[in-house]
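Structural overview
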Amino acid sequence: MPRKPTEKVIEHRITFGDFERNAVKKALTLQAENQRLDAATSTLNAVGVALGGFGGIIAGLALLKWKAPDILDAAKDRTFGVLDDLTDGVLPKTPVAFRREAQALAARRAQINAEINRFCSSSSPDFNSSTCNLAHESKDQYFEDLQAFRERVRAAQITEDSFYWRFIFGGLGDIDPYASDPNAGSNQSWWQYFLNFEI
């Protein structure tokens, strides 16, 4: 729809005197200074936050260095506790109990090896023939206990090439009956069998 032409135009003009011009100039100058101050304040705030964050990181690292063993042990205990509970819920109780017993035997074997290396080597500063004899007696007793443990596992009707057998013995060195056989897969952990196993 076409517009009607205007009949008249009114132009309003405001003229400032010196007083008004100075007031406007003062307001514009104040606004420019405020913008510069805001930029400087924002920069200082960012620097303060960065310094505070850096200080927090340094304080955290100092705390971690001081308390790290306690914190890491607590985290490990909680994590393994949850994993043990999860494993207890998923797997039957007997293989889990056997796995824990096998882990204890592996730790005992490591301790016996350390004692033999420490007390039975003639080049060792701690060489002691009587302590060496005791360590070898502990080793003989360990192998008897290991054989009895394997018999108990077999008595629980866990066959040697089953998933549960690998779960119990897998990755535990000479606790694993196949540790000396490089083709038996004893270097694999029990969870690596999940994709290919028989129960």
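Residues numbered from 1 in each chain as written. Predicted model: local features only at pLDDT ≥ 70, side-chain atom pairs only at ≥ 80, totals over all residues. Heavy atoms only, no water.

Description of the overall build of the protein
- The secondary structure content of the protein amounts to 4 helices and 0 strands.
- The order of helices and strands in the protein, counted from the N terminus, is α-α-α-α.
- Out of the 199 residues belonging to the protein, those deemed buried represent 21%.
- As presented, the protein carries roughly 15300 Å² of accessible surface, and 58% of it is formed by carbon and sulfur atoms. (Helix = DSSP H or I, 4+ residues; strand = E, 2+ residues; numbered from the N terminus. Buried < 20%, exposed > 50% of the residue type's maximum accessible area, 1.4 Å probe, protein only. Areas by Shrake-Rupley, 256 points an atom, 1.4 Å probe, with all protein chains shown as cover.)

What to know about the confidence of the model for the protein
- Here the protein averages 76 in pLDDT, and 78% of its residues register 70 or above.
- In the predicted structure, residues 178-199 sits below a pLDDT of 50 and forms 29 contacts with residues beyond four places in sequence or in another chain. (pLDDT = per-residue confidence, 0-100. Contact = heavy atoms within 4.5 Å.)

Focus: the packing of aromatic side chains
- For the structure on display, the rule yields 2 aromatic pairs.
- Taken together, a centroid distance of 5.9 Å and an interplanar angle of 80° make the contact between F98 and F149 edge-to-face. Here the residue F98 occupies a position in helix α2 (residues 93-119), and F149 occupies one in helix α3 (residues 129-155), the gap between them amounting to 51 residues.
- A relative accessible area of 10% means that F98 is categorised as buried.
- Note on F149: relative accessible area 1%, which makes it buried.
- The interplanar angle of 65° and the centroid separation of 5.1 Å between the aromatic rings of Y142 and F143 together place this pair among those described as edge-to-face. (Phe/Tyr/Trp six-rings, centres within 6.5 Å; stacked < 30°, edge-to-face > 60°.)

Topic: a nonpolar patch on the surface
- On the surface, F54, I57, I58, L61, L64 and I71 cluster together into a nonpolar patch covering about 580 Å² of accessible area.
- Structurally, F54 can be placed in helix α1 (residues 18-90). (Patch = residues over 30% accessible without salt bridge, like charges linked within 9 Å, V, L, I, M, F, W, Y side chains within 5 Å. Salt bridge = Lys/Arg side-chain N within 4 Å of Asp/Glu carboxyl O.)

Notes on the state of the cysteines
- With the rule as written, the count across this model stands at 1 disulfide.
- Residue C120 pairs covalently with C132 via a disulfide, S to S 2.0 Å. Sign of the S-S torsion, about 115° for the bond between C120 and C132, identifies this disulfide as right-handed. Of the two residues, C120 is situated in the loop between α2 and α3 and C132 in helix α3; the sequence distance between them amounts to 12 residues.
- For C132, a relative accessible area of 11% translates into the label buried. (Disulfide = S-S within 2.5 Å.)

Topic: the pattern of salt bridges
- Under the definition given, this model contains 5 salt bridges.
- The shortest N-O distance in the salt bridge between R118 and D126 comes to 2.8 Å.
- Given the relative accessible area of 32%, D126 is considered partly exposed.

Description of α3
- With 27 residues, α3 extends 39 Å between its outermost C-alpha atoms, agreeing within 8% with the 39 Å of an ideal straight helix rising 1.5 Å per residue.
- Taken together, the buried positions of α3 are C132, A135, Y142, L146, F149, R150 and V153.
- At the exit of α3 stands Q157, carrying a positive phi of roughly 60°. (Expected span 1.5 Å × (residues − 1).)

What to know about the nonpolar core
- With 22 residues, the main nonpolar core has F98, F149, V153, I158, I168 and F169 as its most contacted residues.
- For this core, the element with the highest residue contribution is α2, accounting for 7 residues.
- For I158, the residues in contact, after removing those within four places along its chain, are P95, F98, V153, Y164, W165 and I168. (Core = buried A, V, L, I, M, F, W, Y, C linked by side-chain atoms within 4.5 Å.)

Description of the environment of L134
- By secondary structure assignment, the location of L134 is in helix α3.
- Taking relative accessible area as the criterion, L134 reaches 52% and is therefore assigned exposed.
- For L134 and I112, which are 22 residues apart along the polypeptide, the C-alpha to C-alpha distance reads 9.9 Å.

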